[in-house]
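# Commentary on secondary and tertiary structure
Okay, here's what each chain looks like letter by letter:
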Amino acid sequence: MKTITVRYFAMFREHAGVDEETLTLDAATAADVFSATRERHGSAEPDGHCKVAINDVMADWDSPVSDGDEVLLFPPVAGG
Amino acid sequence: MAMRCCYFRRLRVADVIEITSGPIDPDGLRKKLFDPAAGAYCSFEGWIRNENEGQAVLRLEYEAYEPLAVTEGQKILAEATDRFSCSHAHCRHRTGLLEIGECAVWVGVSAPHRDEAFQACRYIIDQLKVRLPIWKKEHYVDGHSGWVNCERCAEHAEAS
């Protein structure tokens, strides 16, 4: 099991009801973390249009996560 | 002489993206792009408009994750200056509540010739819309609201 801090933004923050939370997860990749948070908060956004960063660096859904990592979950972006 | 010009230029201005909660001043920003080697300047301003997909919009709310918006924005500006041989590129993006007609984003590019300036400006605005961690929430005249680009935002707006 790994201790992962998850940070939520925009719509994800509203669904989760918190800015961030620290979870103990059996997660190998960023996708596993996303899947666990979707289950936890009952939301069902597909991975495709969302982005993820690990420790403030943009990452891929198959990027590995380590104990103590901070995973940032970004819903579909809409700048401009 | 050419070397001295280059050195001076690098000291005077950096290609930079800024995320700000205050109003954008396009005239002030434009001056940052002046360069003796630039014969062309092109800018883009994104404004808040009063409707989207048939819904009357009252105002927009922008949220950014600034550390990564700046990092990714700097990459986009560097890509544009490399690809199109620009003299300088600069971008500013708003956060917070914006009213109809306000400037949400400004992109400016100077380059030796107009083709490069137009292309670089277009490249930067197109890339930043899909790459920067920035989100906007539309507040509608009828009182509800929704996050733009979220596939489930309509449902979410209904529920909230």
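The following paragraphs examine the structure supplied in this document.

About the cut-offs
- Residues numbered from 1 in each chain as written.
- Chains lettered and ligands numbered in written order.
- Predicted model: local features only at pLDDT ≥ 70, side-chain atom pairs only at ≥ 80, totals over all residues.
- Helix = DSSP H or I, 4+ residues; strand = E, 2+ residues; numbered from the N terminus.
- Rg over C-alpha atoms; globule rule 2.2 N^0.38 Å.
- Buried ≥ 20, exposed ≤ 12 C-beta atoms within 10 Å, placed from the backbone.
- Contact = placed C-beta atoms within 7 Å.
- Pairing = 2+ DSSP bridges.
- Axes fitted to C-alpha atoms, helices over the stretch in contact; angles between N-to-C directions.
- Nonpolar A, V, L, I, M, F, W, Y, C, P; charged D, E, K, R; others polar.
- Expected span 1.5 Å × (residues − 1).
- Arc of directions from axis to C-beta.

Moving on to the overall build of chain A. In terms of helices and strands, chain A carries two helices and five strands. What you see in chain A, going N to C, is helices and strands ordered as β-α-β-α-β-β-β. For a compact globule of 80 residues, the expected C-alpha radius of gyration is about 12 Å, and chain A comes in at 11 Å, within 12% of that figure. Dimensions along the principal axes, computed over C-alpha positions, put chain A at roughly 35 × 25 × 20 Å. Taking all 80 residues of chain A together, 35% fall into the buried category. A separation threshold of at least 6 residues defines the contact pool for chain A, and within that pool the share at least 24 residues apart is 54%.

All right, on to the sheet that holds strand S4 (residues 57-59) of chain A then. All names here are of chain A. Strand order in the open sheet made by the five strands is S2-S1-S5-S3-S4, with mixed pairing throughout. Only two strands of the sheet have a single neighbouring strand rather than two, namely strand S2 (20-25) and S4. Averaged over all neighbouring strand pairs, the angle between strand axes comes to 35°, with direction disregarded. Pairing geometry for strand S3 (residues 51-54) and S4, over three bridges, is antiparallel. Within the sheet, the bridge partner assigned to Ala53 lies in S4 and is Met58. Together, strand S1 (2-8), S2, S3, S4 and strand S5 (70-74) form the strand contacts of helix H2 (residues 30-41), whose direction differs from that of S5 by roughly 65°.

For the rest of this paragraph, the subject is the environment of A:Gly42. Residue and element names in this part refer to chain A. One can find Gly42 in the loop between H2 and S3. Classification of Gly42 by C-beta neighbours within 10 Å gives exposed; the count is 8. Along the backbone, Gly42 and His15 are 27 residues apart, and their C-alpha atoms lie at a distance of 8.2 Å.

Turning to the interface of chain A and chain B, a few remarks are in order. With 17 residues of chain A at the interface, the matching set in chain B holds 26 residues. Of all the secondary structure elements, the ones that give two or more residues to the side of chain A that touches chain B are helix H1 (10-16), S3 and S5 of chain A. Considering only residue class, the side of chain A that touches chain B consists of 11 nonpolar, three polar and three charged.

The subject of this paragraph is unusual backbone geometry. You will see that A:Asn55, though not glycine, has its phi angle at about 50°, which is positive. Locating A:Asn55 in the fold gives a position in the loop between S3 and S4. Of the residues examined, A:Asn55 has 13 C-beta atoms within 10 Å and is grouped as partly exposed. Phi is positive for B:Glu53, close to 50°, though the residue is something other than glycine. Inspection of the secondary structure puts B:Glu53 in the loop between strand S3 (51-52) and strand S4 (55-64). Using a count of 9 C-beta atoms within 10 Å as the deciding quantity, one classes B:Glu53 as exposed.

Residue and element names in this part refer to chain B. As for its placement among the helices and strands, Ala69 is situated in helix H3 (residues 66-84). The spatial distance from the C-alpha of Ala69 to the C-alpha of Leu128 is 8.9 Å, given a sequence separation of 59 residues. Beyond its immediate sequence surroundings of up to four residues, Ala69 is in contact with Ile19, Ala64, Leu132, Pro133 and Ile134.

For the rest of this paragraph, the subject is H2(A). Residues and elements named next belong to chain A. Look at H2: 17 Å from first C-alpha to last across 12 residues, which is about the 16 Å you get at 1.5 Å a residue. For H2, the complete set of buried residues consists of Ala30, Val33, Phe34 and Thr37. Along the axis of H2, the buried residues cluster in a sector spanning 100°; they form a single face. Those residues of H2 that are buried lie in contact with S1, S2, S3, S4 and S5.

With that settled, the discussion passes to H3(B). All names here are of chain B. Relative to the 27 Å expected for 19 residues at 1.5 Å per residue, H3 spans 26 Å between its end C-alpha atoms, a close match to the ideal helical length. The set of residues buried in H3 consists of Leu68, Ala69, Glu72, Gly73, Ile76, Leu77, Ala80 and Phe84. Taken around the axis of H3, the buried residues stretch over an arc of 165°, which confines them to a single face. Residues Ala78 and Asp82 are exposed on H3 and point more than 90 degrees away from its buried face. Downstream of H3 by a residue or two, Ser85 has a phi angle that is positive, lying close to 50°.

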